[in-house]
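# Chain and residue survey
Residues per chain, in single letters:
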Amino acid sequence: MPNKYLPIDQILTILKGTPPRLAELTAGLTPSQLQTAPNADAWSINDIFAHLRACSDVWGDYYILTILAQDKPTIKAKNPRTWIKSTDYLEQEFQLSLTAFTNQREKLLARLEALEPSDWTRTNTLIGAGKPLEQTLLSHADGMARHERAHLKQIVRIFNALQTASKSNNHGGKT
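My aim in this report is to walk through the structure given alongside it, one point at a time. (Residues numbered from 1 in each chain as written. Predicted model: local features only at pLDDT ≥ 70, side-chain atom pairs only at ≥ 80, totals over all residues. Heavy atoms only, no water.)

### Here we look at the packing of aromatic side chains
Scanning the model with the defined rule gives 3 aromatic pairs in all. Measuring from centroid to centroid gives 5.3 Å for Tyr-62 and Tyr-63, while their planes differ by 40 degrees, and the two rings are tilted. Using a relative accessible area of 4% as the deciding quantity, one classes Tyr-63 as buried. Each member of the aromatic cluster is reached from another via a ring pair, and the members are Phe-49, Phe-94 and Phe-101. Positioned above the aromatic ring of Tyr-89 is the side chain of Arg-53, whose terminal nitrogen or guanidinium carbon lies 3.8 Å from the ring centre. Directly above the ring of Trp-83 sits Lys-78, whose terminal nitrogen or CZ lies 4.8 Å from the centroid. (Phe/Tyr/Trp six-rings, centres within 6.5 Å; stacked < 30°, edge-to-face > 60°. Buried < 20%, exposed > 50% of the residue type's maximum accessible area, 1.4 Å probe, protein only. Lys NZ or Arg CZ within 6 Å of the ring centre and 35° of its normal.)

### Focus on unusual backbone geometry
Positive phi outside glycine occurs at Lys-72, with the angle close to 50 degrees. We classify Lys-72 as exposed; its relative accessible area is 61%.

### Considerations on the sheet that holds strand β2 (residues 123-127)
The mixed open sheet is built from 3 strands, whose spatial order is β1-β2-β3. Whereas interior strands pair on both sides, the edge strands pair on one side only; in this sheet they are β1 (74-76) and β3 (133-136). Taking the axes of each pair of neighbouring strands and ignoring which way they run, one obtains an average angle of 40 degrees across the sheet. Relative to β3, β2 is paired through 4 bridges, and the arrangement is antiparallel. (Pairing = 2+ DSSP bridges. Helix = DSSP H or I, 4+ residues; strand = E, 2+ residues; numbered from the N terminus. Axes fitted to C-alpha atoms, helices over the stretch in contact; angles between N-to-C directions.)

### Quick look at the packing of helix α3 (residues 45-69) against helix α5 (residues 94-113)
Contact geometry for α3 and α5: axes closest at 11 Å, N-to-C directions at 25 degrees. Classed by the angle they form, the pair α3 and α5 counts as roughly parallel. Crossing geometry of α3 relative to α5 is assigned as left-handed. Mapping the contact onto sequence places Ile-45, Asn-46, Phe-49, Leu-52, Arg-53, Ser-56, Asp-57, Gly-60, Asp-61, Ile-64, Leu-65 and Leu-68 in α3 and Phe-94, Ser-97, Leu-98, Ala-100, Phe-101, Gln-104, Arg-105, Leu-108, Arg-111 and Leu-112 in α5. When the residues that make up the contact of α3 with α5 are grouped by side-chain class, the tally is 12 nonpolar, 5 polar and 5 charged. (Parallel < 35°, antiparallel > 145°, perpendicular 65-115°, else oblique. Left-handed = near helix turned anticlockwise from the far one by under 90°. Contact = heavy atoms within 4.5 Å. Nonpolar A, V, L, I, M, F, W, Y, C, P; charged D, E, K, R; others polar.)

### Section: the nonpolar core
Generally speaking, nonpolar side chains in soluble globular proteins are found buried as a group. One finds Ile-11, Leu-15, Tyr-63, Ile-64, Leu-112, Trp-120 and Leu-137 to be the most contacted residues of the largest nonpolar core, which totals 25 residues. Looking at this core, the elements that each hand over two or more residues are α1 (8-26), α3, α5 and α6 (137-170). The leading source of residues in this core is α3, at 7 residues. By size, the runner-up hydrophobic cluster in this structure holds 16 residues, among which are Leu-25, Leu-34, Phe-101 and Leu-152. (Core = buried A, V, L, I, M, F, W, Y, C linked by side-chain atoms within 4.5 Å.)

### A few points about the packing of α1 against α5
For the pair α1 and α5, interaxial distance at closest approach is 10 Å and the crossing angle is 165 degrees. In terms of their interaxial angle, α1 and α5 are classed as roughly antiparallel. Read as a crossing pair, α1 and α5 show a hand that is left-handed. Taken together, the residues of α5 that come into contact with α1 (itself represented by Leu-12, Leu-15, Lys-16, Thr-18, Pro-19, Leu-22, Ala-23 and Thr-26) are Phe-94, Gln-95, Leu-98, Phe-101, Thr-102, Arg-105, Leu-109, Leu-112 and Glu-113. Across the contact of α1 with α5, the residue classes tally to 10 nonpolar, 4 polar and 3 charged.

### Some points on the side chain of Thr-123
Turning to its location among the elements, Thr-123 is positioned in strand β2. Beyond its immediate chain neighbours, meaning those up to four positions away, Thr-123 contacts Ile-67, Lys-72, Pro-73, Glu-134, Gln-135 and Thr-136.

This is the structure we're talking about:
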């Protein structure tokens, strides 16, 4: 059976690439464009980014750093969608928020890149979200990387739609 987790180097590449990719995709976008959702039921780029920040707080700073600080900790589950309500991420100026996210990510990567292979198998028990669940540092980092990769694709789709709309508006809707 193939390994169910991404290789560690790929996880690190995704986690390292998220902040610069966000910066690239959002460079030159106006605050209005960052707040524009593709439809009434969808998130804007700012909404997605605020969600990614909340996930990074919970999965990176809380879960992963706790696993590194303690031997086999028991961790109370936090839901990033609940956690975001205790922050002002949705209201923060985008570039300042991106700078904070980038700094947070650099600190997490410094810890992760220094790990020995055996450190990735460190475990925790997650409680408070159903049956207690044993997880590893690798499972948390893999989930975080896959989640960010999926949301970056979502941001690319919104960015492309904004670019198309901008071109249409600049040409008066004519091709």
